[in-house]
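Letter by letter, the chains look like this.
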Amino acid sequence: MEQSIKRSSGHANTRSCAAAPLTPQACYVPVGIPTIIFAGPVWVRITCKKEITPAQIKFLGTRTDSTETVRELPGFGITLFTICLPLLLMVVKTLTSGLAEETLIRRFTLAVGTPLTALMISLVFAFWSLGLRQGRSMLQLLEISQRSFPVLAGIVFVIGAGGAFNSVLLKSGVGEVISGMLLSTHINPVILAWFIAWIMHLAVGSATVAMISAASMISPMLAADHQLTPEILVIAIGAGSISWAHVTDSAFWIVREYLGISLSEALKKFTGATILASVVALIATLILDHFI
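Quick caveat, the model's predicted, so the values are computed rather than measured. Each chain has its residues counted from 1, following the order in which its sequence is written. For a predicted model such as this one, the threshold for reporting local features is a pLDDT of at least 70, and the threshold for listing and counting side-chain atom pairs is 80 or more; totals across whole chains, interfaces and linings nevertheless cover every residue. Just so you know, side-chain values use all the structure's heavy atoms and leave hydrogens and water out.

J.: Even after reading the chapter, I still don't get the overall build of the protein, so can you show me in this structure?
T.: Assigned secondary structure in the protein consists of 13 helices and 0 strands. Here a helix means four or more residues in a row that DSSP labels H or I, a strand means two or more in a row labelled E, and each is numbered from the N terminus. For the protein, the sequential pattern of α-helices and β-strands runs α-α-α-α-α-α-α-α-α-α-α-α-α. Here the term buried applies to any residue with accessible area under 20% of the maximum for its type, exposed to any over 50%, and partly exposed to those in between, with areas from a 1.4 Å probe on protein chains only. For the protein, the residues scored as buried account for 27% of the 292 residues in total. The contacts in the protein between residues at least 6 apart in sequence include a share of 72% that link residues at least 24 apart. Only the protein chains shown count as cover for residues, and all accessible areas are computed by the Shrake-Rupley method using a 1.4 Å probe. Looking at the protein as shown, the accessible area adds up to about 19000 Å², and 72% of this sits on carbon and sulfur atoms. In what follows, a contact means two residues having at least one pair of non-hydrogen atoms within 4.5 Å.

Okay, structure coming up:
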């Protein structure tokens, strides 16, 4: 009798441990590792040839031959500090939040820790640390900045469009209506979150817009069903948003241009890799959801 009680208590403890919720960090690992393996080395071994093609040799030759004067690169420490400077300024602002608003330190951190101010200070510092300090002139820095603006503008517009579309979904109530319709279909919420992000990325060509839109449509479901795990749905949305990086996605053209491959090769290798990564991540998320 005593042994049977011990065995039953042991089984109960095992079930309770298996049913214990995982931390968000623990959720990412079992999904990310198989996704990286299958969409990375495995996919490359299947689709890519081992020998270098003449087109790739020509492409590498045009990218490596340079007539510019060889300059000494900035050190690792100053480069890392320049990159982390805006984050450090905003962290200092957060750390001093407990001080009185009238103190000089608090006023100073409020001024320099505001995101726009922190970015502006970091930009000016980067002009010196990575430019003037390395012997570049102001004219050269101006040319570099002019070449950078078009790329940055595209990113800002995409993020802004995603935020605007998110506001439309929230203000108009379309997200709640769609969520109500989807709830009545009794589809697995994980698959549903993945599919919404998947189809949005296919349609608009932006992973950012896909994630924001999917989150807007899925969030009412979380309020209606408290048994859903937010971390799992977040991973499912992320898994769906990385799929279908094709001709409507700016990342597709960046990869194609930088690697010097044809359109068909980019669709086969890059788009195929994103689809495989999305499917593998979905399967891993479903398995993880079963144990949480």
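Alright, that's what it looks like, and here's the rest.
J.: What should I look at first to understand the UniProt feature "transmembrane region" (unreviewed entry) in the protein in this one?
T.: UniProt positions are given in the numbering used here, feature names are shortened, and annotations may be inferred rather than shown by experiment. Under the UniProt annotation, the feature "transmembrane region" (unreviewed entry) is placed at residues 73-92, 104-128, 149-170, 190-212, 232-255 and 270-288. Taken end to end, residues 73-92 is 85% helix and 0% strand, and its two terminal C-alpha atoms sit 29 Å from one another. Structurally, residues 232-255 is divided into 67% helix and 0% strand, and its ends, taken at the C-alpha atoms, are 30 Å apart.

J.: I tried to follow the packing of helix H5 (residues 104-113) against helix H6 (residues 115-129) on my own but got confused; where do I start?
T.: Axis angle and axis distance: for two packed helices, these are the angle between their axes and the distance between the axes, and together they describe the pair. Following both chains from N to C, one finds H5 and H6 inclined at 75 degrees, their axes separated by 5 Å at the closest point. When the interaxial angle is binned, H5 and H6 end up roughly perpendicular. Facing Ala-111, Val-112 and Gly-113 of H5, the residues of H6 in contact are Pro-115, Thr-117, Ala-118 and Ile-121. Under the scheme applied, nonpolar residues are Ala, Val, Leu, Ile, Met, Phe, Trp, Tyr, Cys and Pro; charged residues are Asp, Glu, Lys and Arg; polar residues are all the others, including Gly. Of the residues that constitute the contact of H5 with H6, the class distribution is 5 nonpolar, 2 polar and no charged. With axes taken as lines fitted to C-alpha atoms, and helix axes fitted only over the stretch in contact, angles between N-to-C directions fall between 0 and 180 degrees. Orientation is classified from the angle alone, with under 35 degrees giving roughly parallel, over 145 giving roughly antiparallel, 65 to 115 giving roughly perpendicular, and any other angle giving oblique.

J.: Can you walk me through the side chain of Ser-122 in this structure?
T.: Within the secondary structure layout, Ser-122 lies in helix H6. Note on Ser-122: relative accessible area 6%, which makes it buried. We define a polar contact as two N or O atoms separated by no more than 3.5 Å, with the added condition that, inside protein, one atom must be a possible hydrogen donor and the other a possible acceptor, whereas residues neighbouring each other in sequence contribute only through side-chain atom pairs. A polar contact is formed between the side chain of Ser-122 and the backbone oxygen of Ala-118, at a distance of 2.7 Å. Ignoring sequence-local partners within four residues, the contact set of Ser-122 consists of Leu-85, Pro-86 and Leu-89.

J.: Help me understand a nonpolar patch on the surface in this model?
T.: The grouping of Val-29, Ile-33, Ile-37, Phe-38, Val-42 and Ile-46 at the surface amounts to a nonpolar patch, some 530 Å² of accessible area in total. Mapping Ile-33 onto the fold places it in helix H2 (residues 24-47). Its relative accessible area of 46% is what places Ile-33 among the partly exposed residues. Patches were defined on residues exceeding 30% relative accessible area and lacking a salt bridge, with like-charge contacts within 9 Å and nonpolar side-chain contacts (Val, Leu, Ile, Met, Phe, Trp, Tyr) within 5 Å. Whenever a carboxyl oxygen of Asp or Glu lies within 4 Å of a side-chain nitrogen of Lys or Arg, that contact is scored as a salt bridge.

J.: Would you explain the nonpolar core in this entry?
T.: Proteins that are soluble and globular tend to have nonpolar side chains buried together. Among buried residues, the Ala, Val, Leu, Ile, Met, Phe, Trp, Tyr and Cys ones that are joined through side-chain atoms within 4.5 Å form a nonpolar core. The biggest cluster of nonpolar side chains holds 25 residues, and the ones touching the most others in it are Ile-196 and Ile-218. For this core, the secondary-structure elements that each account for two or more residues are helix H9 (189-204), helix H10 (207-224), helix H11 (230-241) and helix H13 (263-291). In terms of residues, this core owes the most to one element, H9, which gives 8 residues.

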